[in-house]
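Remarks on the overall topology
Listed below, chain by chain, are the residues.
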Amino acid sequence: KSRKTADPAADSSPKLGAGKHQDEATSKKELCVKAAKEHSIPKDFNKVLENKVMETVLDLSYVKLSVLEMTCSGDADSEGIISKSVSSHSDLIPGVYEGGLKIWECTFDLMDYFSEAEIEFTNKTVLDLGCGAGLLGIVALRGKADRVHFQDYNSTVIDEITLPNVVANCINEGRRMGSGKDRKASKPPSERARKAEGSPDVLSRCRFFSGEWSQVSQLLLSSNQPFSKYDIILTSETIYNPDYYSALHDTLAQLLDKNGCVYLASKVHYFGVGGGIYLFEKFIEKRNVFRTSMVKTIDQGLQRCIMEIAFKDSC
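What counts as what
Residues numbered from 1 in each chain as written. Predicted model: local features only at pLDDT ≥ 70, side-chain atom pairs only at ≥ 80, totals over all residues. Heavy atoms only, no water. UniProt positions renumbered as here; feature names shortened; annotations may be inferred. Salt bridge = Lys/Arg side-chain N within 4 Å of Asp/Glu carboxyl O. Helix = DSSP H or I, 4+ residues; strand = E, 2+ residues; numbered from the N terminus. Buried < 20%, exposed > 50% of the residue type's maximum accessible area, 1.4 Å probe, protein only. Pairing = 2+ DSSP bridges. Contact = heavy atoms within 4.5 Å. 1 Å grid on protein atoms, 1.4 Å probe; cavity = no way out; pocket = protein on both sides within 12 Å on 5 of 7 lines; lining within 4 Å. Points joined across faces, edges and corners; volume = space filled by probe spheres on them. Nonpolar A, V, L, I, M, F, W, Y, C, P; charged D, E, K, R; others polar. Arc of directions from axis to C-beta. pLDDT = per-residue confidence, 0-100. Axes fitted to C-alpha atoms, helices over the stretch in contact; angles between N-to-C directions. Parallel < 35°, antiparallel > 145°, perpendicular 65-115°, else oblique. Left-handed = near helix turned anticlockwise from the far one by under 90°.

Per an unreviewed UniProt entry, the protein chain carries the name protein-histidine N-methyltransferase and comes from Edolisoma coerulescens. Per UniProt, the protein chain has the following entry under Sequence similarities (unreviewed entry): "Belongs to the methyltransferase superfamily. METTL18 family."

Looking now at the pattern of salt bridges. Taken as a whole and judged by the stated rule, the model has 11 salt bridges. Between E38 and R207 there is a salt bridge; the shortest N-O distance is 2.8 Å. Residue E38 is located in strand 1 (residues 37–39), and its partner R207 is located in strand 7 (residues 206–210); the two are separated by 169 residues in the primary sequence. Judged by relative accessible area, R207 falls into the buried class, the value being 14%. Here the salt bridges share partners, and the residues they tie into one network are E105, D109, E237, K267 and R304.

Among the 7 residues of strand 8 (residues 230–236), 6 are classified as buried, and the element is accordingly described as predominantly covered. Here 4 bridges tie strand 4 (residues 125–129) to strand 8, and the two strands are oriented parallel to one another. Bridge pairing links D128 to L234 in strand 8.

As for its position among the elements, H249 is in helix 10 (residues 245–255). Those residues in contact with H249, other than ones at most four positions away along the chain, are F283, I284, R287, V289 and F290.

A separate point is empty space enclosed by the protein. Taken as a whole and judged by the stated rule, the model has 3 cavities of 30 Å³ or more. Space inside the largest cavity adds up to approximately 60 Å³. Y62, V63, L65, L101 and I161 are, among the 10 residues lining the largest cavity, the residues nearest its centre. Residue assignment for the lining of the largest cavity shows that the elements contributing at least two residues are strand 3 (60–63), helix 3 (65–71) and helix 7 (155–170). Residues of the lining of the largest cavity, tallied by class, amount to 9 nonpolar, 1 polar and no charged.

Here we take up the environment of M307. Turning to its location among the elements, M307 is positioned in strand 11 (residues 304–311). For the pair formed by M307 and L110, sequence separation is 197 residues and the distance between their alpha carbons is 9.8 Å. Once you skip the residues sitting within four places of it in the chain, M307 turns out to touch V262, Y263, L264, I277, E281, I284, T292, S293 and M294.

We now examine helix 4 (residues 81–88). Listing the buried residues of helix 4 in full gives I81, I82, S85 and S88. For helix 4, the angular spread of buried residues about the axis comes to 155 degrees, placing them on one side. Packing partners of the buried residues in helix 4 comprise helix 3 and helix 7. Two residues or fewer past helix 4, H89 is found with a positive phi of approximately 50 degrees.

Moving on: the confidence of the model for the protein chain. Of the residues in the protein chain, 81% reach a pLDDT of 70 or more, and the chain-wide mean stands at 84. Across residues 1–10 the pLDDT falls below 50, and counting only partners more than four positions away or on other chains, this stretch makes 26 contacts in the model.

Put simply, helix 6 (residues 135–142) and helix 7 touch, their axes get as near as 10 Å, and they point 30 degrees apart. Classed by the angle they form, the pair helix 6 and helix 7 counts as roughly parallel. As helix 6 packs across helix 7, the resulting crossing turns out to be right-handed. Across from I138, L141 and R142 in helix 6, the residues of helix 7 making contact are N165, V166, N169 and C170.

Below you can see the structure in the form of structure tokens.
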């Protein structure tokens, strides 16, 4: 299976904006805590797919970024992240845009692992943390998860990419809602999003959130709505910046069920940004809350890993 089947995944490491030093970026991040917000699901799903051009990889549809960059402006890009990302040629603008417009390489590693390890999503409560395109959560939905929540730092990503992708993959009639096994790594030509038809039942199992991790945790835990912790948390390429490790660790500790499991996919090292899988593993060891296991290593190109995380006192 070629990892180059999806153009967004072609770059192996995030690029900071030209001329930006990491210490500047870090200080900006520390001064900016992005408030959490839950995004409502429109009743008219066709509005969600309006003007969207979709591409397909591994049997999953996703919004074509190059078209979105040309068409998304004004209220649709209220954060200005699309224009800023394009103008600065940057995959990351810490504290402003955290990479959710792209589909990163390790997403496909984790999807492959679901099939290889026969990960069971049936009746599970799942969180796609740092979801971006939301492909991991969509695979969980196809695997009959009871509830799937999607979180990304940027509200524009949720509204313009994640939600349209969920609708395109899970609402249209004829769309397969199987486990995601036996996928073909084919990439048909881009196409206009189909008319959304069929039962909205799948969307009733979803919730969508934007904002910084600690703020989203606070929103969920203090909400008047019933909230049960997650059986499975999925996250890919979210440990590129060591300055975020504390917030990520605390979020996992607060939101994971006592017998739940985290599947984290990452590169061994993120050049120019500083993070990596072994650095995060050491951070977890020092906190002494979780146990970890490296369940898969991928040696093609820049080495990548999948880590399984669970509470030390879990069954």
